[in-house]
Amino acid sequence: MQTPPPTRSGGQKLCSRFLLKCGFIIIPWRCTKKCNHLMPRAAVPRFVQQKLYLFLQHCFGHWPLDASFRAVLEMWLSYLQPWRYAPEKQAQSSDSQPRCVSEKWAPFVQENLLMYTKLFVGFLNRALRTDLVSPKNALMVFRVAKVFAQPNLAEMIQKGEQLFLEPELVIPHRQHRLFTAPTFTSSFLSPWPPAVTDASFKVKSHVYSLEGQDCKYTPMFGPEIRTLVLRLAQLITQAKQTAKSISDQCVDSPASRSFLSWLGFCPVDANSSYTANDLDEMGQDSVRKTDEYLEKALEYLRQIFRLSEAQLTQLTLALGATQDENGKKQLPDCIVGEDGLILTPLGRYQIINGLRRFEIEYQGDSELQPIRSYEIASLVRALFWLSSAINRRFAGQMVALCSRHDFLGSFCRYHLTEPALANRHLLSPVGRRQVASQARGPRLSLRFLGNYQTLLSLLLAFFVASLFCVGPLPCALLLLLGYLLYAMAMTLLTERGKLHQP
């Protein structure tokens, strides 16, 4: 069993990437006239390939899912593109189109097949567990997709996989072709195996030397990896929708709204903010970059794996059919079991990265809720004791008033009763089955007076009234009169709404 490679610091990884570039540039240049032309191809596997492969494989499996993985990623991508550092590198075209990979690099791709395929699968598994709404993570997915989408590279990788998966026509892989004797048949004029067999031998030798003879190879363009790519495309589409909803939320929420909402004039959804990424500190430009990176990455994946437009459109429609106007009230991906909802791996990813969530709502007695941070604890307890005493003393009179069928009864029901638990919006089907529709009797609740927002609003009202020479008692009467008018209007609207319910 091989021991995992030692961890390296950021500076060491940058130095390693620099040495890789030097190896691709200096070795071929020094060996053009003085050395055999096969020396670079022999030097890279011997001194670089195996140790780098083990190190990258270890990093892909154990590195934290954050933006610091970029250094490891760039080291890997530098190794995958030796043509970028070749002396005969062509000038970049003016239309910024990617340059086609020359066929002369096909042997390099075939002899480094695992560096392209196995590590790409490792990156796919990382990307499926990464917060793609973050612009830095979206950039890494874009970089990998752009490299593998270079013209002719996917065909070279696919050709290398075909060479590895074809039946063996030579004697075992550990023995080099130069040291093997031809297979004798009835005639000495029997031909040697075709030239493609030699390339197949080199690919298999590379794979077996890194993974062992009993390795199980999963083709990069096979159905299993294609399924992972479709999942990644689905997550990219979800991340784009989430970034758009965050952008809309930032536009609709100016800076002044926070102060007004704290005063109680603008309701705030405490669960509506997205805190799983660094968009808040980067602003709208970051959202635009995220959408641009993900859009291009999706297009590159479509080119690499030849995904049809119909498949991508179907993914978009499947997400859009269940997405509400803000994209925040959609349940995570789950299945209904005997004991309730069971999250799928996709659902766990959505919850961890803040893409979706369950709307957690308090379903118990509203008077017995834990004291919130925006409430005065001692005042809440005193008000609860006072309201409990009033409810015990006047319970019969409250029931009689709420039983009336006139406007007074509707007015009392609006203030002294709360909606039944069965009528609340429950997202979980298990919750609907377990919660009993038990309606509590009418009662008075004074807990709202222990709220900082309510008290501050009253103080501001008295302060403004004092500026107009209105005393505390007249101000209180005006506030009471205003509330009575508001309550009467709400009572009429509530009763009219009940009449129109089926």
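See the structure above.
Fair warning: this is a prediction, and the values are worked out from it, not measured in the lab.

(A) Quick look at the environment of alanine 377. In this fold, alanine 377 is placed in helix H15 (residues 377–393). As for alanine 377 and asparagine 451, which are separated by 74 residues in sequence, their C-alpha atoms are 9.5 Å apart.

(B) Broad picture of the pattern of salt bridges. This model, assessed by the stated rule, comprises 10 salt bridges. Residue arginine 404 pairs with aspartate 406 through a salt bridge whose shortest N-O separation is 2.5 Å. Each of Arg70, Glu74 and Arg143 takes part in one network of salt bridges that share partners.

(C) Representation of helix H14 (residues 345–352) within the structure. Every buried residue belonging to H14 is among Leu346, Gly347, Tyr349 and Gln350, and all of these are buried. The buried residues of H14 occupy an angular sector of 160° when projected down its axis, which confines them to one face. Structural note: H14 exposes Pro345 and Ile352 on the side pointing more than 90 degrees away from its buried face.

(D) View of the environment of arginine 226. Secondary-structure assignment places arginine 226 in helix H9 (residues 223–252). Taking the C-alpha atoms as reference points, arginine 226 and leucine 307, 81 residues apart in sequence, are found 9.2 Å from one another. The contacts of arginine 226, once residues within four sequence positions are left out, are Phe305, Arg306, Leu307 and Gln311. One polar contact links the side chain of arginine 226 to the main-chain carbonyl oxygen of phenylalanine 305, over a distance of 2.7 Å.

(E) Representation of the side chain of asparagine 152 within the structure. Considering the arrangement of structural elements, one finds asparagine 152 in the loop between helix H6 (135–148) and helix H7 (153–165). Within the local environment of asparagine 152, its side chain forms a polar contact with the backbone oxygen of valine 101, the two atoms lying 3.0 Å apart. Not counting chain neighbours up to four residues away, the residues in contact with asparagine 152 comprise Cys100, Val101 and Glu103.

(F) Region of interest: the nonpolar core. Within the largest apolar cluster, 79 residues are counted, with the highest numbers of intra-cluster contacts made by Leu56, Trp76, Tyr116, Phe123, Leu132 and Phe148. Once residues lying within four places of it in the same chain are set aside, the contact partners of leucine 56 are Val72, Met75, Trp76, Met115 and Leu119.

(G) Representation of the packing of helix H3 (residues 70–80) against H6 in the model. Viewed as axis vectors pointing N to C, H3 and H6 meet at an angle of 5°, and their least axial separation amounts to 11 Å. Viewed along their axes, H3 and H6 adopt a mutual orientation that is roughly parallel. Each of Arg70, Leu73, Glu74, Trp76, Leu77 and Leu80 in H3 lies in contact with H6, whose residues at this interface are Leu139, Met140, Arg143, Val144, Val147 and Phe148. Of the residues assigned to the contact of H3 with H6, the class counts are nine nonpolar, no polar and three charged.

(H) Molecular detail of the packing of helix H5 (residues 113–127) against H6. One way to put it is that H5 packs onto H6 with a least axis distance of 11 Å and a crossing angle of 155°. With respect to each other, H5 and H6 are oriented roughly antiparallel. The handedness of the crossing between H5 and H6 comes out as left-handed. Every residue of H6 that contacts H5 at Tyr116, Phe120, Phe123 and Ala127 is listed here: Met140, Val141, Val144 and Phe148. A breakdown of the residues in the contact of H5 with H6 according to their chemical character gives eight nonpolar, no polar and no charged.

Basis of the calculations
- Residues numbered from 1 in each chain as written.
- Predicted model: local features only at pLDDT ≥ 70, side-chain atom pairs only at ≥ 80, totals over all residues.
- Heavy atoms only, no water.
- Helix = DSSP H or I, 4+ residues; strand = E, 2+ residues; numbered from the N terminus.
- Salt bridge = Lys/Arg side-chain N within 4 Å of Asp/Glu carboxyl O.
- Buried < 20%, exposed > 50% of the residue type's maximum accessible area, 1.4 Å probe, protein only.
- Arc of directions from axis to C-beta.
- Contact = heavy atoms within 4.5 Å.
- Polar contact = N/O pair within 3.5 Å; in protein donor to acceptor, adjacent residues only side chain to side chain.
- Core = buried A, V, L, I, M, F, W, Y, C linked by side-chain atoms within 4.5 Å.
- Axes fitted to C-alpha atoms, helices over the stretch in contact; angles between N-to-C directions.
- Parallel < 35°, antiparallel > 145°, perpendicular 65-115°, else oblique.
- Nonpolar A, V, L, I, M, F, W, Y, C, P; charged D, E, K, R; others polar.
- Left-handed = near helix turned anticlockwise from the far one by under 90°.

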